[in-house]
Amino acid sequence: MGLFFGKRKPAPGQPSGDWPWTLNVSGALRPNFGTWEMIVSELRELNLEEADSFLILEQKDPRDPQNYWFIQSAINRAGPHPGWYTVEVGWGSRQGKALWDLDVQTLEEAVPFFRAAYDRKAVDLSGFEDMSDMLG
């Protein structure tokens, strides 16, 4: 059995264990946003009345800004599930970009994905649809 030293690189599609978080609430960046409870509170504030009502929890590699990971949500205004929450997970690196999407009916279904990300644990993408081809 071999040993290795140094920090482990994040798996593609998963949050990094050491990159800093930034919270983007409807375009307002909050790099020092505080607690998990603040994220849940802001998710509860998402609404259909405002055209730009969204939340993005994002990480960027401090050594290479082309490496990033995020999870975001908004309420669908149209499409097959109006009024449902869209949860999207995306990431990028010098090797390419990806975007995965899932619609859930309630906020309570969306919150566990954000909790896993916030805790820097694996986000279960098994029900998500790969939308990476839309990135161009």
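Residues numbered from 1 in each chain as written. Predicted model: local features only at pLDDT ≥ 70, side-chain atom pairs only at ≥ 80, totals over all residues. Heavy atoms only, no water.

1. Let's talk about the environment of lysine 60
Position of lysine 60 among the secondary structure elements: in strand β3 (residues 54-61). Distance from lysine 60 to glutamine 95, taken between C-alpha atoms, is 15 Å for residues 35 residues apart in sequence. Once you skip the residues sitting within four places of it in the chain, lysine 60 turns out to touch Trp19, Pro20, Asn67 and Tyr68. (Helix = DSSP H or I, 4+ residues; strand = E, 2+ residues; numbered from the N terminus. Contact = heavy atoms within 4.5 Å.)

2. A closer look at the pattern of salt bridges
What the rule picks out here adds up to five salt bridges. One salt bridge in this structure joins glutamate 108 and arginine 44, with 3.8 Å as the shortest N-O distance. With glutamate 108 in helix α2 (residues 107-118) and arginine 44 in helix α1 (residues 36-44), this pair connects stretches of sequence that are 64 residues apart. For glutamate 108, a relative accessible area of 55% gives the class exposed. (Salt bridge = Lys/Arg side-chain N within 4 Å of Asp/Glu carboxyl O. Buried < 20%, exposed > 50% of the residue type's maximum accessible area, 1.4 Å probe, protein only.)

3. Considerations on the pairing of β3
Relative to β3, strand β1 (residues 21-25) runs antiparallel, the two being bridged by five bridges. The residue of β3 that forms the bridge with threonine 22 is glutamate 58. Note that β3 and strand β4 (residues 64-75) share eight bridges and pair antiparallel. Bridge pairing in β4 places glutamine 59 opposite tryptophan 69. Hairpin remark: β3 followed by β4, antiparallel, with two residues in the connecting loop. (Pairing = 2+ DSSP bridges.)

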